[in-house]
Amino acid sequence: MRDCVFCKIIAGESPAKIVFRDEQVTAFYDIHPVSPVHILITPNRHIASVNQLTEEDEALMGHLFTTAKRIAAQEGVAESGYRLIVNTNAHGGQTVFHLHMHLLGGSRMKYPMG
Ligand code: 5GP
Ligand code: ZN
């Protein structure tokens, strides 16, 4: 999709530190990390947010989670722990409208959320 910053990263048209990629998803470091490990995992296909998901995307969303697990291990935070976040629309704090999962780790997350 034109004018989507994450589509451009996925297409290799914008720079990013890519940590994993396959035919379904791409993962790269967040440009403004809020924790020592802060990676964004995105479907390669443009889906604006969770609100646009359909039943056909269920396997893709499952793959997003297993990719997160794999990257957590790769980054050395699987045992210490990590947080996965998907923001949706204004109240969720979404600023980039290409669905993505944040993987945060390397330090203790604050709680409670919200
Ligand atoms: P959201 O607020 O939509 O859940 O998260 C968007 C995230 O994308 C933010 O954490 C922001 O720092 C990150 N981000 C925005 N633009 C870019 C970019 O061009 N490159 C990278 N690597 N991250 C970006
Ligand atoms: Zn996009």
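These numbers come from a predicted model, not from an experiment.

Draft legend 1. Examining the nonpolar core more closely. With 18 residues, the main nonpolar core has Ala27, Ile39, Ile41, Leu64, Ile71 and Leu103 as its most contacted residues. No other element matches the 6 residues that helix H2 (residues 58-74) contributes to this core. Counting residues in each nonpolar core, the second largest holds 6 residues, with Cys4, Ile9, Phe28 and Leu40 among its members.

Draft legend 2. How the structure looks around the site of ligand 1. Ligand 1 sits among 16 residues. The nearest are Tyr29, Asp30, Asn87, Thr95 and His102. Contact distances for ligand 1 include 2.7 Å between an oxygen atom and a backbone N or O atom of Thr95. The backbone of Val96 places a nitrogen or oxygen atom 3.0 Å from an oxygen atom of ligand 1. Expressed as a share of its isolated accessible area of 520 Å², the protein-covered part of ligand 1 is 81%. For the shell around ligand 1, the secondary structure elements donating two or more residues are helix H1 (5-10) and strand E2 (25-29). Sorting elements by how many residues they give to the shell around ligand 1 places H1 first, with 3 residues. Residues that form the shell around ligand 1 fall into these classes: 8 nonpolar, 7 polar and 1 charged.

Thresholds applied
- Along every chain, residues carry numbers that run from 1 in the direction the sequence is written.
- As they are written, the chains are lettered A onward and the ligands numbered 1 onward, keeping that order.
- Totals for whole chains, interfaces and linings use all residues, but because this is a predicted model, local features are given only for residues with pLDDT of at least 70 and pairs of side-chain atoms are given and counted only at 80 or more.
- Here the side-chain values reflect all heavy atoms present in the structure, with hydrogen atoms and water set aside.
- Each nonpolar core is a collection of buried residues, namely Ala, Val, Leu, Ile, Met, Phe, Trp, Tyr and Cys, held together in the definition by side-chain atoms within 4.5 Å.
- Throughout this description, buried means an accessible area under 20% of the type-specific maximum (1.4 Å probe, protein chains only), exposed means over 50%, and partly exposed covers the range between.
- Helix and strand assignments follow DSSP, with helices taken as H or I runs no shorter than four residues and strands as E runs no shorter than two, numbered in order from the N terminus.
- A single heavy atom is enough: if one lies within 4 Å of a molecule or strand, its residue is considered near that molecule or strand.
- Contacts described as polar in this section are N or O atom pairs within 3.5 Å, which, within protein, must combine one atom able to donate a hydrogen with one able to accept it, while residues neighboring in sequence count only if both atoms come from side chains.
- Surface accessibility follows the Shrake-Rupley procedure with a 1.4 Å probe radius. Residue values consider only the protein chains on display as shielding.
- When residues are sorted by character, Ala, Val, Leu, Ile, Met, Phe, Trp, Tyr, Cys and Pro go into the nonpolar class, Asp, Glu, Lys and Arg into the charged class, and all the rest, Gly among them, into the polar class.

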